Amino acid sequence: MSGRGNLLCVRGLRKRHGHRELLRGLDFDLSAHDCVLLTGENGAGKSTLLRILAGLERPDGGAFSLAGAHALPWRRARKALGRTILYLHQQPWMFDGSVAYNLGYGLRGSRRSRRARINEALAWIEMEAFADTPARTLSGGERQRIALARAWLRQPAVMLLDEPTANLDRDARQRTLALLHRLHQEGMTLVIASHDPDHFGGLIRRHLHLDDGRLGEQPVPGGPPVRLVGGGEPA
Ligand SMILES: Nc1ncnc2c1ncn2[C@@H]1O[C@H](COP(=O)(O)OP(=O)(O)OP(=O)(O)O)[C@@H](O)[C@H]1O
Ligand SMILES: [Mg+2]
């Protein structure tokens with residue numbers, strides 16, 4: 001497989017949990033600036049797939065190619081996957097400490113430049129007043145926005161969002177969606193696993209559906225023509 005022109009090419013991805021074959025040889029391409037909706041029933045394997053792509057969970061087989069590089073087994077691609085692709089959990093994990101501490105964790109540079117970037121990130125999510133708030137006291141929607149600000153600071157090429165609007169009220173959902181639009185406009189490639197496709201109208205350009213261990217591509221109203229998944233026929 002060449003993988004050229006694609007940010008990520010996956011071929012023959014397999015994963016089994018116990019006796020159940022969860023992912024049955026998936027072929028999956030992601031182009032720069034894609035915005036993909038991933039649907040599937042509870043237990044279909046969406047989170048498992050996203051975690052494998054982000055280098056967090058080991059598959060049983062498959063080849064991974066990033067930005068046209070040689071295809072590698074997951075074990076050898078893992079570090080590069082982790083550097084390029086960020087997985088965002090539905091309930092983002094916060095360190096014990098202030099919001100500013102959480103945003104600054106792992107940032108390089110002088111104390112002053114780190115502080116300036118943290119302030120920029122807080123302004124980006126319109127949460128300047130929360131800098132000193134203990135992060136673990138935040139609501140689910142606020143945590144979600146802090147996690148998006150952390151991603152904004154880190155600037156991964158690809159972000160995988162696992163049910164980013166589940167359990168959010170309308171206001172929190174709108175805020176999260178506005179931030180996702182901005183991340184996408186600023187050039188980030190997004191994959192969003194969700195049971196609520198209607199929440200993401202206007203943002204989604206492709207729709208992949210995971211069913212019985214296989215991925216199918218579905219048309220998106222107003223979107224581009226259905227693409228081929230992994231060079232095969234449209235589902
Ligand atoms: N570590 C594990 N050990 C055994 N089984 C697991 C493990 N992780 C996930 N599974 C099983 O794999 C299946 C797929 O789980 P996964 O969380 O990927 O589904 P999902 O599509 O994200 O579902 P949901 O829509 O409910 O979030 C489930 O049946 C789950 O119980
Ligand atoms: Mg899930």
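For the structure, check the block above.
Residues numbered from 1 in each chain as written. Chains lettered and ligands numbered in written order. Predicted model: local features only at pLDDT ≥ 70, side-chain atom pairs only at ≥ 80, totals over all residues. Heavy atoms only, no water.

Undergrad: Help me understand the packing of aromatic side chains, please; the structure alone is not making it clear to me.
TA: The description of an aromatic ring pair uses the distance of the two centres, along with the angle that the planes make with each other. By the definition in use, this model includes five aromatic pairs. Taking 5.1 Å as the distance between ring centres and 90 degrees as the angle between the ring planes, the aromatic pair formed by Trp-93 and Phe-95 counts as edge-to-face. Ring geometry for Phe-95 against Tyr-105: centres 4.2 Å apart, planes inclined by 35 degrees, an arrangement best described as tilted. Taken together, the positions of Phe-95 in the loop between β6 (85-88) and α3 (99-104) and Tyr-105 in the loop between α3 and α4 (111-124) put the pair 10 residues apart, joining distant regions of the chain. By the ring-pair criterion, three or more aromatic residues cluster together here, those being Trp-93, Phe-95, Tyr-101 and Tyr-105. (Phe/Tyr/Trp six-rings, centres within 6.5 Å; stacked < 30°, edge-to-face > 60°. Helix = DSSP H or I, 4+ residues; strand = E, 2+ residues; numbered from the N terminus.)

Undergrad: Please clarify how the pattern of salt bridges should be interpreted in this entry.
TA: Where charged atoms from two side chains of opposite charge approach closely, those side chains can pair. Here the structure, examined in full by the defined rule, presents eight salt bridges. Among the ionic pairs, Asp-34 bridges to Arg-206, the shortest N-O distance being 2.9 Å. Pair noted here: Asp-34 is in the loop between β2 (20-30) and β3 (35-39) and Arg-206 is in strand β9 (residues 206-211), with a separation of 172 residues, a long-range link. Judged by relative accessible area, Arg-206 falls into the buried class, the value being 3%. When the shortest N-O distance is used, the salt bridge between Glu-217 and Arg-206 registers 2.9 Å. With a gap of 11 residues between them, Glu-217 in strand β10 (residues 214-218) and Arg-206 in strand β9 connect regions that are remote in the sequence. (Salt bridge = Lys/Arg side-chain N within 4 Å of Asp/Glu carboxyl O. Buried < 20%, exposed > 50% of the residue type's maximum accessible area, 1.4 Å probe, protein only.)

Undergrad: I would appreciate a short explanation of the site of ligand 1 in the present structure.
TA: Contacts to ligand 1 come from 13 residues, most closely from Gly-43, Lys-46, Ser-47, Thr-48 and His-195. A distance of 2.9 Å is found between an oxygen atom of ligand 1 and a backbone nitrogen or oxygen belonging to Gly-45. In this structure, an oxygen atom belonging to ligand 1 sits 2.8 Å away from a side-chain N or O atom of Ser-47. Here ligand 1 has 640 Å² of accessible area as a free molecule, and 56% of this is covered by the chains. Where the shell around ligand 1 is concerned, the elements lending two or more residues are β2 and α1 (46-53). If you tally residues by element for the shell around ligand 1, the top one is α1, at three residues. (Near = heavy atom within 4 Å. Polar contact = N/O pair within 3.5 Å; in protein donor to acceptor, adjacent residues only side chain to side chain. Areas by Shrake-Rupley, 256 points an atom, 1.4 Å probe, with all protein chains shown as cover.)

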